[in-house]
Amino acid sequence: MLHNPNHLYIFDTTLRDGEQVPGSQLTTPEKIIIGEALQSLGVDIIEAGFPISSPGDFQSVVELSKAVREPIICALTRANKGDIDCAAEALKYAKRPRIHTGIGSSDMHIKYKFNSTREAILERAAEAVKYAKQFVEDVEFYAEDAGRADNVYLAQMIEAVIAAGATVVNIPDTNGYCLPEQYGAKIRFLKENVKNIDQAIISVHCHNDLGLATANSLSGIQNGARQVECTINGIGERAGNTSLEEVVMALKTHYQTLQFQTNINTKQLYPLSAMVSRMMRMPVQANKAIVGRNAFAHSSGIHQDGVLKHRENYEIINPEDVGIDQSEIILTARSGRHALKHHLERLGYTIERIDLDQTYQRFLTLADEKKEIKDDDLLRLMGEEAESNFKNGVTISSLQVITGDQSDPQAIIKLNYRGTEQEATASGNGPVSATIKAIESIIGSHNEIKEFNIHSIHGGSDDVSKVDMRVIHEDQSYMGYGFSTDIVRASANAYLDALNKFV
Ligand SMILES: CC(=O)SCCNC(=O)CCNC(=O)[C@H](O)C(C)(C)COP(=O)(O)OP(=O)(O)OC[C@H]1O[C@@H](n2cnc3c(N)ncnc32)[C@H](O)[C@@H]1OP(=O)(O)O
Ligand SMILES: CC(C)C(=O)C(=O)O
Ligand SMILES: [Mg+2]
């Protein structure tokens with residue numbers, strides 16, 4: 001098979017090996033949705049299923065072959081005629097079909113799975129490839145448990161299946177046994193000792209039982225493999241398979257050293273990871289490389305300061321490259337003043353007007369009580385601070401609003417302003433507008449409101465609403481926040497919160 005020597009073929013087996021995870025079985029429409037997303041991601045080969053295993057899996061391979069036309073569609077079989085007939089039938093609508101057949105290659109499997117001999121198994125391997133070739137040109141052979149197989153015997157088997165017509169030879173570390181150096185040396189051994197190896201592409205298929213699947217795959221690639229078999233989020237039997245996003249981002253990050261290209265649009269990695277996790281009911285662990293919730297989250301002060309000064313101090317990948325908007329600075333009791341200042345500024349606080357050291361001490365007390373400090377906690381913290389800082393600030397002593405569809409809404413408000421209680425009434429085209437006008441008539445100035453958002457904190461019509469607004473005063477912008485079960489009162493509170501920052 002002719003191929004660009006710098007192209008690394010991405011063989012995705014999320015729908016086959018990934019789907020072997022208990023509880024993660026997919027319906028045919030779900031498989032098609034994921035298959036189409038894998039096509040858009042740019043994978044070269046999709047292993048769609050194991051057609052003999054059930055009528056449902058057979059049908060999924062048929063439907064996926066019809067729906068997904070760009071990548072090669074591959075179906076798995078054992079080394080027997082029945083499986084191969086079934087796979088060929090399931091693939092009959094595929095634009096570019098591949099049959100993936102194979103058999104165990106370790107002495108363990110030969111003796112304890114097949115109760116057979118090396119010679120007989122080698123013959124069955126070559127026979128299966130020859131038989132599959134009657135149906136499709138593209139036949140991949142897997143030497144199951146190659147990780148534990150004797151290299152000399154493995155080389156004989158690989159030579160025989162290439163002679164029988166295999167276009168791709170897959171060397172699986174089925175049980176995730178190998179160390180990276182051992183696995184790399186195995187691939188190199190095959191490169192150097194299989195006479196006809198240049199007539200096929202070597203594929204790596206590693207499992208993660210020792211957490212080495214990605215390292216082993218890269219080692220295989222560095223020693224001559226040109227196809228990598230992987231799954232989204234690394235899902236698969238037991239501890240899983242090589243994770244697609246890890247191997248692709250390792251190749252991209254180390255392009256100067258490894259010089260391999262893939263067709264993967266890496267910006268789709270995170271959205272696809274989330275989709276697969278949801279559909280396969282497999283949560284992604286928080287510290288999972290590339291796509292975990294914490295992969296681009298910084299929570300300790302020294303790291304946060306470093307990232308805020310220059311992102312690359314603590315990030316080797318730009319989160320946007322994998323489809324994540326931006327890194328996160330998580331506020332905890334391990335955060336420092338730089339991180340706190342960053343979030344306060346983001347929320348619209350003018351730091352020059354705040355005693356950062358004092359605020360930080362109050363923040364630490366709160367952070368020791370709570371694991372993570374969210375925006376609402378900061379707003380509450382700053383609200384309390386505002387109350388003590390703005391002893392002479394404007395506060396509401398009462399608010400009455402009349403609204404309905406018979407007349408313009410009217411607000412009657414009493415404010416504590418400059419040491420006295422003052423009252424005003426105003427109407428507007430809505431209850432909030434009437435209230436703001438009433439406040440403005442007491443303070444004697446009009447300030448433009450640029451942004452105005454109302455959110456419910458937990459959902460439900462009896463919820464506390466949170467209002468944020470950006471108020472422009474003398475060309476400066478001030479954020480105001482207000483909370484109340486009454487959205488008009490929350491809006492008035494937010495306006496006064498902003499106002500108290502410049503009054
Ligand atoms: C490493 C991997 O991921 S391999 C792929 C694993 N995926 C699956 O197993 C898919 C789901 N499996 C199934 O639906 C079923 O197991 C089937 C349809 C494949 C087979 O079901 P059954 O015929 O009932 O057999 P069962 O699964 O119990 O046993 C497996 C048989 O296949 C044989 N076998 C296993 N691997 C191979 C192989 N690569 N080539 C030929 N025969 C094989 C076993 O020796 C055993 O045969 P035996 O009955 O002569 O002892
Ligand atoms: C069927 C083969 C390719 C496999 O999944 C393995 O050996 O892990
Ligand atoms: Mg596997």
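What you are looking at is a predicted structure, and each value in this text was computed from that prediction instead of being measured.

Counting its regular elements, the protein contains 17 helices and 16 strands. Against the compact-globule benchmark of 23 Å for 503 residues, the protein has a radius of gyration of 32 Å, which places it well outside the compact range. In terms of its C-alpha atoms, the protein occupies a principal-axis envelope of roughly 100 × 50 × 40 Å. The proportion of buried residues among the 503 residues of the protein is 53%. Long-range contacts, defined as pairs at least 24 residues apart, comprise 64% of the intrachain contacts of the protein with a sequence gap of at least 6. Total accessible area computed for the protein in this model is approximately 23300 Å², and 48% of it derives from carbon and sulfur atoms. In the protein, 50 positive and 67 negative side-chain charges are present, and the distance between their average locations comes to 3 Å.

With that out of the way, let us pick up the site of ligand 2. The environment of ligand 2 is formed by Arg16, Asp17, Leu76, His100, Tyr142, Glu144, Asn170, Pro172, Thr174, His205 and His207. In this structure, His207 approaches ligand 2 through a side-chain N or O atom, which is 3.0 Å from an oxygen atom. Considered on its own, ligand 2 offers 260 Å² of accessible surface; in the complex 93% of this is hidden by protein. Considered class by class, the residues forming the shell around ligand 2 number three nonpolar, five polar and three charged.

Looking now at the sheet that holds strand S8 (residues 227-230). An order of S1-S2-S3-S4-S5-S6-S7-S8 is seen for the eight strands of this closed barrel, with the pairing classed as parallel. Strand-to-strand, the axes of this sheet are offset by a mean angle of 25°, without reference to chain direction. By the bridge criterion, four bridges tie strand S2 (residues 45-49) to strand S3 (residues 72-76) in an arrangement that is parallel. When the bridges of S3 are listed, Gly49 appears paired with Ala75. The sheet strands contacting helix H7 (residues 180-193) are strand S6 (168-173) and strand S7 (201-206), and the helix crosses S7 at an angle near 160°.

One pass over the full model with this rule turns up four aromatic pairs. Ring plane angle 75° and centroid distance 5.4 Å describe the contact between Tyr131 and Phe135, whose orientation is recorded as edge-to-face. The exposure class assigned to Tyr131 is buried, which follows from its relative accessible area of 18%. Lying over the aromatic face of Tyr93, Lys66 brings its terminal NZ or CZ to 4.6 Å of the ring centre. The cationic tip of Arg124 hangs over the ring face of Phe114; the distance from NZ or CZ to the ring centre is 5.6 Å.

Turning our attention to the environment of Asp376. Looking at the secondary structure, you find Asp376 in helix H15 (residues 375-389). The spacing of Asp376 and Lys466 is 90 residues in sequence and 8.9 Å in space, taken between C-alpha atoms.

Scored by pLDDT, the protein comes out at a mean of 93, with 96% of its residues at no less than 70. Of all the helices and strands in the protein, H15 carries the lowest mean pLDDT, 71, while strand S5 (residues 138-144) carries the highest, 99. Quick note on the complex model: pTM equals 0.81, ipTM equals 0.98.

Thresholds, definitions, all that
- Residues numbered from 1 in each chain as written.
- Chains lettered and ligands numbered in written order.
- Predicted model: local features only at pLDDT ≥ 70, side-chain atom pairs only at ≥ 80, totals over all residues.
- Heavy atoms only, no water.
- Helix = DSSP H or I, 4+ residues; strand = E, 2+ residues; numbered from the N terminus.
- Rg over C-alpha atoms; globule rule 2.2 N^0.38 Å.
- Buried < 20%, exposed > 50% of the residue type's maximum accessible area, 1.4 Å probe, protein only.
- Contact = heavy atoms within 4.5 Å.
- Areas by Shrake-Rupley, 256 points an atom, 1.4 Å probe, with all protein chains shown as cover.
- Lys, Arg positive; Asp, Glu negative; His and termini not counted.
- Charge placed at Lys NZ, Arg CZ, Asp CG, Glu CD.
- Near = heavy atom within 4 Å.
- Polar contact = N/O pair within 3.5 Å; in protein donor to acceptor, adjacent residues only side chain to side chain.
- Nonpolar A, V, L, I, M, F, W, Y, C, P; charged D, E, K, R; others polar.
- Pairing = 2+ DSSP bridges.
- Axes fitted to C-alpha atoms, helices over the stretch in contact; angles between N-to-C directions.
- Phe/Tyr/Trp six-rings, centres within 6.5 Å; stacked < 30°, edge-to-face > 60°.
- Lys NZ or Arg CZ within 6 Å of the ring centre and 35° of its normal.
- pLDDT = per-residue confidence, 0-100.

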